[in-house]
Amino acid sequence: MRIKIFFTVLCFLLLPFYNKAQELVFSETERTDDRDINFDIIGKMDGNYLVYKNIRWKHAISVYDGDMKLKERISLDFIPEKTFNVDFVAYPDFFYMIYQYEKRNTVHCMGVKMGADGKKMSEPIELDTTRIDLTMNNKIYSTINSEDKKQIMIFKLFSKREKSHFMTLLFNDQLQLQRKSREVVDFDDRRDVYSDFFVDNDGNFVYAKGTRGANRDYINDLKLVTKSPTEDTFSYHKIDLQKKYVDEVKLKIDNVNKHYLINTFYYTERRGNIDGLFTCIWDRTARQPAALELTEFSETMKRDAKKDGQLRFAFNDFFIRQIIVKKDGGFLLMAEDYSTQSRGNNNNMWNRYDYLNSPYMTGNDYYLYNSSYNPYYRPYNSFNYNSTRYFYANVVVMSIDKNAKLDWNNVIVKDQFDDENDNFMSYNTMIAGGEIQFFFNDPGKRYETISWQTISPKGEIRRNPPLKSMQKTYQFMPRFAKQVGARQLLIPCMYRGFICFAKADF
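Residues numbered from 1 in each chain as written. Predicted model: local features only at pLDDT ≥ 70, side-chain atom pairs only at ≥ 80, totals over all residues. Heavy atoms only, no water.

## Notes on the overall build of the protein chain
Looking only at helices and strands, the protein chain features 3 helices and 37 strands. Looking at the protein chain residue by residue over its 506 residues, the buried ones come to 54%. Of the roughly 24500 Å² of accessible surface on the protein chain, 47% is carried by carbon and sulfur atoms. (Helix = DSSP H or I, 4+ residues; strand = E, 2+ residues; numbered from the N terminus. Buried < 20%, exposed > 50% of the residue type's maximum accessible area, 1.4 Å probe, protein only. Areas by Shrake-Rupley, 256 points an atom, 1.4 Å probe, with all protein chains shown as cover.)

## Some points on the pairing of strand E6 (residues 83-90)
Here E6 lies mainly inside the structure; 7 of its 8 residues are buried. Hairpin connection, E6 to strand E7 (residues 94-103): the antiparallel pair is bridged by 3 residues. (Pairing = 2+ DSSP bridges.)

## Remarks on the sheet that holds strand E5 (residues 70-75)
Taken in spatial order, the 4 strands line up as E2-E3-E4-E5 in an open sheet, and their pairing is antiparallel. The sheet is open, and its two borders are formed by strand E2 (38-45) and E5, each paired with just one other strand. Pairwise comparison of adjacent strand axes, ignoring direction, gives a mean angle of 20° for this sheet. (Axes fitted to C-alpha atoms, helices over the stretch in contact; angles between N-to-C directions.)

## Let's talk about the environment of Ser-195
Relative to the helices and strands, Ser-195 is located in the loop between strand E14 (192-194) and strand E15 (198-199). When near neighbours in sequence (up to four residues on either side) are disregarded, Ser-195 contacts Tyr-207, Ala-208, Val-249 and Leu-251. A polar contact is formed between the side chain of Ser-195 and the backbone nitrogen of Ala-208, at a distance of 2.8 Å. (Contact = heavy atoms within 4.5 Å. Polar contact = N/O pair within 3.5 Å; in protein donor to acceptor, adjacent residues only side chain to side chain.)

## Considering the packing of aromatic side chains
Here the distance between the centres and the angle between the planes together describe a pair of aromatic rings. Per the stated rule, a full pass over the model turns up 38 aromatic pairs. Each ring, one from Phe-26 and one from Phe-476, has its centre 6.1 Å from the other, and the planes form 35°; the classification is tilted. With Phe-26 in strand E1 (residues 25-26) and Phe-476 in strand E34 (residues 474-476), the pair connects residues that are 450 residues apart, well separated along the chain. Phe-476 shares its class with Phe-26; the two are buried. Ring geometry for Phe-166 and Tyr-194: centres 5.9 Å apart, planes at 55°, overall tilted. Here Phe-166 is found in strand E12 (residues 163-172), whereas its partner Tyr-194 is found in strand E14, with 28 residues between them in sequence. Tyr-194 carries the same exposure label as Phe-166, and that label is buried. Grouping aromatic residues by their ring pairs yields a cluster made of Phe-155, Phe-166, Phe-187, Tyr-194, Phe-197, Phe-205, Tyr-207 and Phe-234. It is Lys-113 that lies over the ring of Phe-94; its NZ or CZ is 4.4 Å from the centre. (Phe/Tyr/Trp six-rings, centres within 6.5 Å; stacked < 30°, edge-to-face > 60°. Lys NZ or Arg CZ within 6 Å of the ring centre and 35° of its normal.)

## Considering the pattern of salt bridges
According to the stated counting rule, one finds 32 salt bridges in the structure shown. Between Asp-192 and Lys-209 there is a salt bridge, with the nearest N and O atoms lying 3.8 Å from each other. Taken together, the positions of Asp-192 in strand E14 and Lys-209 in strand E16 (residues 205-212) put the pair 17 residues apart, joining distant regions of the chain. Residues Asp-192 and Lys-209 agree in their burial class; the two are buried. Each member of the salt-bridge network shares a partner with another, and the members are Glu-30, Asp-33, Lys-53 and Arg-73. (Salt bridge = Lys/Arg side-chain N within 4 Å of Asp/Glu carboxyl O.)

Below is the structure:
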């Protein structure tokens, strides 16, 4: 009897903790925040939640309190009319806003320090300028930062006449210029392709360069390219692909172990199907691979990844989305099943090669850096209405150890599709309590319920109670959510055609 009473009391005391994530707090909608705005969640600072918003030539920052009540909407009147490509580097109590604008055929790259109240702490300073002509894309500058945010790099890349012209500007966390470098390298836009670009905690600029044997082939030559903060020239390190072919190369920096993690799906034939995962763990200090491995996908892995279709095609629609570093030198890799189908024309066949090599994925002229999986909301007026259906299905999770060998794998099962836009599709993650939390919409609930699953360090999946809105008019966009606390997410929502934000604590 005492045990029963104790258990009842314990459940009563713990109930608020289990229900806490169900108590979502929503911000009120603002009249100007219709579904055609651009937004970016800056983060949490001094108890405030800051969100950047832009529609046409108007720029603003909305400042919310702990209950998601709007404290103030700060109009960024100092930003010129022709401003684009706004980036943020956020710290605990302030942030830098880096933006570019065009005036009289000159692109100006500017930086300004902003406070936790969304207001300027200093006047904008000019970081760089570039003269352009009418044939050039004016979106020139790209901003990246190191994991510890002590290194900020702004770079531009101009490709012309089989040459790539790099310019890099390395700043410290006071936005003081440390080094400006220029480098011209060979580049064949029909055969060469770059990975995403990174800067590590020591200021090293890093990317990968792949080369195809012919215009329509997969990559058969791969190099890791690095530039130290004290040098102006690039160093090239050939990666042994062991006579395999690869396509999209994903790079990740392990600052703890001073490693660069290189991952890509590989093929044994030039026009074949995906056979497995190629992994190279590059030791930055030794300037050589610490481990290199080809992980062949077994029939069981293929069957778990995709329930329908022939096994040999199982991974052909999968793309590497995330790599999460572990302290011991290993990492977790997430790959998502993604495809599209266009209707109403004769060119409606999904083709992985064409997707990875479309003009929207790679750049000629001035190259604007963007991850191939851009986690930013796309306004409805930016969609090309050509009757496209988007499919986002299972997520395969692989644990790779420090020797680049597969430790375990599992599958987050989901099945999502939508027509004309994919803002409600895909998934997001949060790291909490040593576990990875996965969030994605339940398509059967029309985006009003978020499925919540947890994967443990041993690969065990636990299904948690879903996150639900008390009002059916709220539709979640977990793909664009941002972790703003140890166990806290800020999730964009659509409410009757307007954008708002929900705060969820776990």
